[in-house]
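# Architecture at a glance
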Amino acid sequence: MKQKPVFSIITITYNAEKHIRRTIESIIRQSYSGIEYIIVDGKSTDHTIDIINSYRNFISCFVCEPDEGLYDAMNKGLLNATGDYIWFLNAGDSLYSTDTVEKLSHALPSSFPDILYGDTAIINEAGTFLYLRHLRPPEKLSWKSFRMGMTVCHQSFIVKREIAPLFDLTYKFSSDFDWCIRCMKETDSIFNTGQILSNYMKGGLTSSHHKESLKERYAIMQKYYGRITTFIMHIRFLFRYLKNK
């Protein structure tokens, strides 16, 4: 009988009273029991902490203290995780359906790949489905795939804890892009689940700092793919953007 892996799902919050309840409930209503749920809050000043405390019996670990930004908080989540896999799902985001983790577990080969990935649905602030993410995950994913941009949304990118590094805090808005590439460079064991794994709420830190995020991503791409490839790919990104417009 195949062993059931434990998924450490990590949520980062700060003044997220409008959206945190949806995220928490999407996790605690899962039909799969092997979930370790971790919330890291940056000492919210609204009612976020009160809402989290109302679900305290369902939360494995709750860290509430000031941090140095999103990726510092994500590192705290990583350091507190004890499960087989790491899965980041931030306030406002949610798992796609109540049986998402169960279906994912059944789909896994017995070897338990190092990285699991899937598709992402985009939702609005009310939680209403808008569309599937325009940049679709490739059939086969490798670290070179991110030359085309972040082809897999971070919320649908799941990594074995034993290979997951800490986030590089020199990046303020795109360290998840760098983190995913570093994870993929560590392994060839990457599994396409063929499933929609998460609902991603349109907006967020990267969207609100779009220009700064693009600059960081350009620098990250240069680091891994070189100057010439990065320049050529951004010409392609421009044409893709104009076509979508």
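Scroll up to find the structure.
Heads up: these notes are all about the structure in this document. (Residues numbered from 1 in each chain as written. Predicted model: local features only at pLDDT ≥ 70, side-chain atom pairs only at ≥ 80, totals over all residues. Heavy atoms only, no water.)

## Re the overall build of the protein chain
Stated formally: Per the convention used, a helix needs a DSSP run of H or I reaching at least four residues, while a strand needs a run of E reaching at least two, with both numbered from the N terminus. Throughout, radius of gyration means the C-alpha value; the globule benchmark is 2.2 Å times the number of residues raised to the power 0.38. Summary of the burial criterion: residues with accessible area below 20% of their type's maximum are buried, those above 50% are exposed, and those between are partly exposed, where the area comes from a 1.4 Å probe applied to protein chains only. By definition, residues are in contact when any of their heavy atoms lie within 4.5 Å. Where accessible areas are quoted, they stem from the Shrake-Rupley method and a 1.4 Å probe; at the residue level, only the protein chains shown are allowed to cover. Positive residues here are Lys and Arg, negative ones are Asp and Glu, while His and the chain termini are left out of the count. Each charge is placed at NZ for Lys, CZ for Arg, CG for Asp and CD for Glu.
In terms of regular secondary structure, the protein chain is built from 8 helices and 9 strands. Since a compact globule built from 245 residues should have a radius of gyration of about 18 Å, the 17 Å found for the protein chain is in line with a globular shape. Dimensions along the principal axes, computed over C-alpha positions, put the protein chain at roughly 50 × 45 × 35 Å. Among the 245 residues that make up the protein chain, the fraction classed as buried is 49%. The long-range fraction of contacts in the protein chain, counting pairs at least 24 apart against all pairs at least 6 apart in sequence, stands at 75%. When the accessible surface of the protein chain is summed, it comes to about 12,300 Å², and 52% of that surface belongs to carbon and sulfur atoms. Distance between charge centres in the protein chain, computed from 30 positive and 26 negative side chains, equals 8 Å.

## Brief notes about the pattern of salt bridges
Which entries qualify depends on this criterion: When a carboxyl oxygen of Asp or Glu is within 4 Å of a side-chain nitrogen of Lys or Arg, the pair counts as a salt bridge.
Summed over all chains, the structure comprises 6 salt bridges. A salt bridge links Glu25 to Arg29; the nearest nitrogen and oxygen atoms lie 2.9 Å apart. Through salt bridges with shared partners, a single ionic network connects Asp178, Arg182 and Lys223.

## Looking at the environment of Ile115
Structurally, the position occupied by Ile115 is in strand β6 (residues 115-123). Considering only alpha carbons, one finds Ile115 and Val159, 44 residues apart in sequence, at a separation of 4.6 Å. Other than its neighbours up to four places away in sequence, Ile115 contacts Phe157, Ile158, Val159, Ile163, Cys183, Met184, Thr187, Ser189, Ile190 and Phe191.

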